[in-house]
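Structure assessment
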Amino acid sequence: QLAQADQARLDGDGDTALRLFDAARTAHPTSHEAWFGLGRVHAEKDNLAEARRALDEAIRLAPDAPGYLGERATLEALSGDPKAARTGFEQALARQPDDYLALTGLGILQLKTGEPEAALSSFLKAGTIEPRYARAQLYVGVTYYQLGNRLRALESVRKAAELDPKDPLPHVVLGMMQGDAQALRAAIDAAREAQVRMPYLKSLNQLLSNQKGSANVGAALAAQGMEEWAHAYATDAYNPHWAGSALFLADRYPDGHNKNAELYRGFLLDPTVFGASNRFSALVASPGHYGSVGLRAATGDFEQNTLQLAANGLSTSVVPFAYSLVADGGAGQRNPNTLESHGGNVTLGLGLKPLPGLGVFYFGTSTAVDGRFSGAANPAAPTLTNDRLEQRTGRQDLGASYRIAPDNTLMVKIGDGRQSSRLTGELFSAQQAAALNTTFGGVPALLPFNPAGRLDGYTTDIDQADLQLRQTIDIRRDLRVSWGLEKAREDRDLVFQRTFNSVLAPLFPAVLTTTIARQLESADAYVSAQGRGPFGLDYQADLVHQHFTASTVMSDRLDLTGVGNLLNTPTLERDSFSEFNPRFGLAFAPAPGQKMRVVYQRWRHGAGNASLGPVDTLGIPLEDRLTEAGGLVRRARVQYDWQFGNDSFLQAFADQRQVRNLASATTAQFRVFGVAELDALRARKPVFGEAFDDLEKTPAFLQGRVSSVGVAGNWLLQRDFTLAARYTLSDSRNSSAAFLGNEVPYIPRHFVNLSGFWQASASWLVGLSASYRSSRFADEANAVPLEAGWVFGITSFWESDDKRWTLEAGLTNLHANKRSAAERRARAVVNATYRF
């Protein structure tokens with residue numbers, strides 16, 4: 001029975017190994033071998049409490065047994081208690097100098113405390129004593145990599161893969177090394193080998209999940225623009241207890257609710273990611289301090305020049321503590337030159353692991369922007385001709401995660417943010433002057449008002465606060481349950497005051513004041529179950545109770561100096577919802593490499609800008625781009641993924657989204673208050689800055705339906721060239737009373753995208769793209785048409801061999817028809833960074 005249990009452990013079948021060791025222990029309570037085997041498997045699965053109990057009992061029963069003290073000390077090294085681990089290794093090696101388990105554990109401790117040379121000596125000694133020990137060989141490779149010997153590192157990791165052929169971990173490490181070297185096809189091959197072995201995974205928790213989650217097996221595909229294939233890999237390998245999964249998925253989403261949610265989860269699950277090297281993947285969390293200087297210049301509809309300074313690091317001298325500090329400043333102007341602005345931002349991230357399994361995360365950001373509007377008077381609409389803009393933004397988040405067990409994680413987060421904007425100066429509005437003339441007797445000739453007025457102040461204040469709690473438990477291998485509570489609030493206040501003088505009575509100016517006080521509140525409680533049912537069907541069923549309230553008080557006031565208040569029209573808006581919103585999906589794999597997903601989602605966008613709860617159903621994300629706070633979306637999607645051999649991937653889908661946003665006269669007065677700065681904490685960004693997105697701008701509309709069918713293909717044509725193609729046929733209709741039958745903004749009927757990535761050399765990557773959009777509209781009233789046309793782009797990326805220098809240059813937004821896009825000018829970008 002012990003032999004069978006050991007065989008199961010070596011094969012990566014941890015559940016069977018635990019069952020057999022436990023059966024042996026139950027039948028023979030004094031069997032120190034059974035207790036040791038039980039503790040060893042629990043340690044590999046990072047079940048620290050059970051591992052300690054079992055190993056302590058094995059040592060009590062057989063204090064002189066070889067390897068027992070070394071495995072016990074290794075457990076403390078992995079759990080983050082270096083003092084206890086070092087004491088344990090001293091005792092183990094004093095009793096048995098050739099204890100290869102103790103030597104390997106000592107090397108892991110030395111790596112984690114910043115002693116790579118000493119660690120290499122320990123691992124090599126362990127490998128000499130027991131050449132077949134895969135863990136020692138793997139860490140030899142990791143250590144060589146940290147010391148800069150890439151060739152020996154690859155050799156050792158490949159040897160570890162041979163010694164433990166079912167373990168995906170060596171292939172994950174190999175993929176990260178190859179990705180660092182820009183050997184993207186080799187990284188894809190390693191990723192594929194890791195994916196096949198994921199069912200035998202023991203633990204990924206000892207890997208360092210760097211800031212972009214590059215340890216995830218889909219990263220190599222994403223680096224070459226094969227987004228659909230990468231997303232499928234990431235979904236299949238997703239583990240909600242591991243930070244790497246969340247951080248990688250964050251790169252797959254456009255800015256917004258879903259992206260923020262994955263970033264928060266990733267940083268909560270492993271706050272030490274802030275300390276990752278900004279050049280190479282450290283593979284194991286090791287102490288170090290890093291910095292970078294970046295310069296960015298961009299031209300287009302908005303020109304800007306920015307300078308960014310960043311510092312990050314990790315210290316393990318007391319407890320693991322990581323930090324990231326990013327400061328940037330810049331200036332820009334809109335073309336044609338109607339706005340000039342300058343500003344700066346400081347973003348701070350802190351991570352702490354004071355106890356094994358406990359992580360604490362802090363995020364803070366502060367932004368200040370000052371600008372000036374200028375432009376010729378336009379009688380058709382209010383024009384800012386000489387006005388000053390001041391905007392201040394700040395946000396703080398504090399959260400913690402506690403790993404109760406390897407498959408039982410609790411997370412909590414509180415956040416608070418504020419944004420204030422103030423605009424003052426001159427205002428030209430013939431429309432407003434005519435309205436005043438009509439108000440005062442309807443005889444403009446008797447009391448004409450000058451359209452050149454004064455903007456006394458256009459001030460907006462937005463305050464956000466949220467509290468979120470989530471727990472995820474793997475009940476058994478085929479059932480995972482998550483539950484959570486969330487509460488969020490957003491207060492929006494606006495004061496818009498302007499003054500117009502009468503030509504005949506300049507001593508009696510008219511003062512118009514608009515005030516808005518809008519409050520959004522949401523409270524959600526949810527439970528989510530995900531697992532495998534009969535007939536090989538994967539399922540996910542979520543039920544969310546959502547309570548949402550929006551209340552608004554608005555007033556328009558007209559004062560005539562010397563006369564008093566002539567008009568005051570307060571109005572009240574209120575919307576309230578209390579409802580159960582379900583989400584469910586089924587997935588079936590008819591053959592290896594194929595998967596069909598059928599998903600239905602009903603979701604109301606809360607008042608917060610993120611959620612710790614699930615933001616996808618079996619890999620199909622929530623629709624967060626068409627919905628605003630308080631908006632409801634009902635989505636049904638069928639998607640079929642098919643991998644052909646090792647070089648091709650196809651996806652076909654049918655999708656329908658029905659959206660109903662809140663009707664309010666105040667919606668257009670407030671910009672979305674997001675947390676884009678959260679992404680700045682990641683020291684190593686994707687090679688090409690953003691994931692594929694089919695929407696050129698976010699549509700703003702009240703309610704409507706968008707039906708789409710589409711296909712996409714990703715191909716590895718050669719070892720150094722890839723191609724992706726996408727086509728979507730959409731039909732959109734506005735269903736609001738005011739714009740019934742209109743098209744939804746920015747949704748073309750036909751959308752085509754072709755993109756290719758070419759690895760010109762070991763240091764150069766080149767990306768090419770071409771997109772076609774049929775005619776569409778930029779506004780809900782369908783008054784601003786955009787013609788059909790193609791847009792092209794080319795982006796190149798170069799990195800020095802030591803990864804200190806990077807240069808990204810691109811020319812995008814090249815239009816065959818200038819009237820076919822919301823942004824008319826070509827966009828040129830040069831981004832140079834030096835890391836140290």
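What this report covers is the structure whose coordinates are included nearby. (Residues numbered from 1 in each chain as written. Predicted model: local features only at pLDDT ≥ 70, side-chain atom pairs only at ≥ 80, totals over all residues. Heavy atoms only, no water.)

1. Comments concerning the overall build of the protein chain
Tallying secondary structure elements over the protein chain gives 17 helices and 27 strands in all. In terms of principal-axis extent, the alpha carbons of the protein chain reach across some 110 × 50 × 50 Å. Counting over 836 residues, the protein chain shows a buried share of 54%. The long-range fraction of contacts in the protein chain, counting pairs at least 24 apart against all pairs at least 6 apart in sequence, stands at 65%. (Helix = DSSP H or I, 4+ residues; strand = E, 2+ residues; numbered from the N terminus. Buried < 20%, exposed > 50% of the residue type's maximum accessible area, 1.4 Å probe, protein only. Contact = heavy atoms within 4.5 Å.)

2. A short note on a nonpolar patch on the surface
There is a patch of nonpolar side chains on the surface, built from Val293, Leu295, Leu307, Leu309 and Phe836 and spanning about 430 Å² of accessible area. Residue assignment for the nonpolar patch shows that the elements contributing at least two residues are β1 (288-299) and β2 (302-315). Relative to the helices and strands, Leu309 is located in strand β2. (Patch = residues over 30% accessible without salt bridge, like charges linked within 9 Å, V, L, I, M, F, W, Y side chains within 5 Å. Areas by Shrake-Rupley, 256 points an atom, 1.4 Å probe, with all protein chains shown as cover. Salt bridge = Lys/Arg side-chain N within 4 Å of Asp/Glu carboxyl O.)

3. Thoughts on empty space enclosed by the protein
Per the stated rule, a full pass over the model turns up three cavities of 30 Å³ or more. Approximately 260 Å³ is the volume found for the second largest cavity. The wall of the second largest cavity is formed by 27 residues, among which His257, Glu486, Asp524, Trp603 and Ser611 lie closest to the centre. Secondary-structure elements contributing two or more residues to the lining of the second largest cavity are β8 (452-476), β9 (479-500), β10 (510-532), β11 (538-560) and β14 (594-604). For the lining of the second largest cavity, the element with the highest residue contribution is β10, accounting for five residues. Residue classes in the lining of the second largest cavity are distributed as nine nonpolar, 11 polar and seven charged. (1 Å grid on protein atoms, 1.4 Å probe; cavity = no way out; pocket = protein on both sides within 12 Å on 5 of 7 lines; lining within 4 Å. Points joined across faces, edges and corners; volume = space filled by probe spheres on them. Nonpolar A, V, L, I, M, F, W, Y, C, P; charged D, E, K, R; others polar.)

4. So, the packing of aromatic side chains
Taken as a whole, this structure holds 17 aromatic pairs when the rule is applied. Ring geometry for Trp642 and Phe644: centres 4.4 Å apart, planes at 20°, overall stacked. Judged by its relative accessible area of 35%, Phe644 falls in the partly exposed class. Here the aromatic residues Trp229, Tyr233 and Phe649 are joined through ring pairs into a cluster of three or more. When the ring centre of Phe577 is taken as reference, the NZ or CZ atom of Arg604 above it lies at 3.7 Å. (Phe/Tyr/Trp six-rings, centres within 6.5 Å; stacked < 30°, edge-to-face > 60°. Lys NZ or Arg CZ within 6 Å of the ring centre and 35° of its normal.)

5. Remarks on the environment of Leu695
If you trace the backbone, Leu695 turns up in the loop between β18 (648-660) and β19 (703-718). Residues Leu695 and Asn258, spaced 437 residues apart in sequence, show a C-alpha to C-alpha distance of 16 Å. Contact partners of Leu695, with chain neighbours within four places excluded, come to Arg625, Leu626, Tyr746, Ile747 and Arg773.

6. A word on the pattern of salt bridges
In total, this model carries 58 salt bridges according to the counting rule given. Measuring nitrogen to oxygen at the nearest pair gives 3.4 Å for the salt bridge that ties Arg53 to Glu50. Of this pair, Arg53 and Glu50 both sit in helix α4 (residues 48-61), three residues apart, which is roughly one turn of that helix. What makes Glu50 partly exposed here is its relative accessible area of 32%. Note that Arg86 is salt-bridged to Glu115, the shortest N-O span being 3.4 Å.

7. Some remarks on the side chain of Gln546
Following the sequence through the fold, Gln546 ends up in strand β11. A distance of 2.7 Å separates the side chain of Gln546 from the backbone oxygen of Arg604, its partner in a polar contact. Setting aside anything within four residues of it in sequence, one finds Gln546 in contact with Ala523, Asp524, Phe577, Ser578, Glu579, Asn581, Trp603 and Arg604. (Polar contact = N/O pair within 3.5 Å; in protein donor to acceptor, adjacent residues only side chain to side chain.)

8. Focus: the nonpolar core
Core analysis: the biggest nonpolar cluster contains 36 residues, and Phe21, Phe36, Tyr68, Leu75, Phe89 and Leu109 have the highest contact counts within it. Of all elements in the fold, only α1 (2-10), α2 (14-27), α3 (32-44), α4, α5 (68-79), α6 (82-95) and α7 (100-112) reach the threshold of two or more residues within this core. No other element matches the six residues that α4 contributes to this core. The residues touching Phe89, leaving out its near neighbours within four places in the chain, are Gly70, Ala73, Thr74, Ala77, Ala102, Gly105, Leu106 and Leu109. In terms of nonpolar packing, the next biggest core, distinct from the first, is built from 28 residues, Val140, Val142, Met177 and Ala194 among them. (Core = buried A, V, L, I, M, F, W, Y, C linked by side-chain atoms within 4.5 Å.)

9. Let's talk about the packing of α3 against α4
Between α3 and α4, the shortest axis-to-axis distance is 8 Å and the interhelical angle comes to 155°. Taken as axis vectors, α3 and α4 run roughly antiparallel relative to one another. In the crossing of α3 with α4, the sense of the turn from one axis to the other is left-handed. Contacts from His32, Trp35, Phe36, Leu38, Gly39, Arg40, His42 and Ala43 in α3 reach Glu50, Ala51, Arg53, Ala54, Leu55, Glu57, Ala58 and Leu61 in α4. Across the contact of α3 with α4, the residue classes tally to nine nonpolar, three polar and four charged. (Axes fitted to C-alpha atoms, helices over the stretch in contact; angles between N-to-C directions. Parallel < 35°, antiparallel > 145°, perpendicular 65-115°, else oblique. Left-handed = near helix turned anticlockwise from the far one by under 90°.)

10. Details of the pairing of strand β20 (residues 721-734)
Pairing geometry for β19 and β20, over 14 bridges, is antiparallel. Across the sheet, the residue bridging to Trp715 is Leu723, located in β20. Counted between consecutive antiparallel strands, the loop separating β19 from β20 contains two residues. Sheet topology note: the β20/strand β21 (residues 750-759) ladder contains nine bridges and is antiparallel. Within the sheet, the bridge partner assigned to Leu729 lies in β21 and is His750. (Pairing = 2+ DSSP bridges.)

11. Here we look at the pairing of β8
Across 20 bridges, the pairing between strand β7 (residues 408-428) and β8 is antiparallel. Pairing of Asn408 across the sheet is with Ile473, part of β8. When β8 meets β9, the two strands line up antiparallel, connected through 21 bridges. Pairing of Gln464 across the sheet is with Glu490, part of β9.

12. Brief notes about the packing of helix α9 (residues 134-147) against helix α10 (residues 150-163)
Each pair of packed helices gets described by two things: the angle between the helix axes and the distance between those axes. The geometry of α9 relative to α10 is characterised by a closest axis approach of 7 Å and an angle of 165° between their N-to-C directions. Accordingly, the angle class assigned to the pair α9 and α10 is roughly antiparallel. At the point where α9 passes α10, the crossing takes the left-handed sense. The segment α9 lies against α10, with Ala134, Gln137, Leu138, Val140, Gly141, Tyr144, Tyr145 and Gln146 engaging Arg150, Arg152, Ala153, Ser156, Val157, Lys159, Ala160 and Leu163. Across the contact of α9 with α10, the residue classes break down as nine nonpolar, four polar and three charged.

13. Quick look at unusual backbone geometry
Phi is positive for Phe535, close to 60°, though the residue is something other than glycine. Structurally, Phe535 is set in the loop between β10 and β11. We classify Phe535 as exposed; its relative accessible area is 75%.

14. Examining α7
The end-to-end C-alpha distance of α7, which contains 13 residues, comes to 18 Å, matching closely the 18 Å that a straight helix rising 1.5 Å per residue would cover. Burial within α7 is extensive, with 12 of its 13 residues counted as buried. The set of residues buried in α7 consists of Leu101, Ala102, Leu103, Thr104, Gly105, Leu106, Gly107, Ile108, Leu109, Gln110, Leu111 and Lys112. Its buried side turned inward, α7 meets α3, α5, α6, α8 (116-129) and α9. Between the side-chain oxygen at the start of α7 and the backbone nitrogen of Leu101 there is a gap of 3.1 Å, and the oxygen is on Asp99. Positive backbone phi, approximately 80°, marks Gly114, located one or two places after α7. (Expected span 1.5 Å × (residues − 1).)

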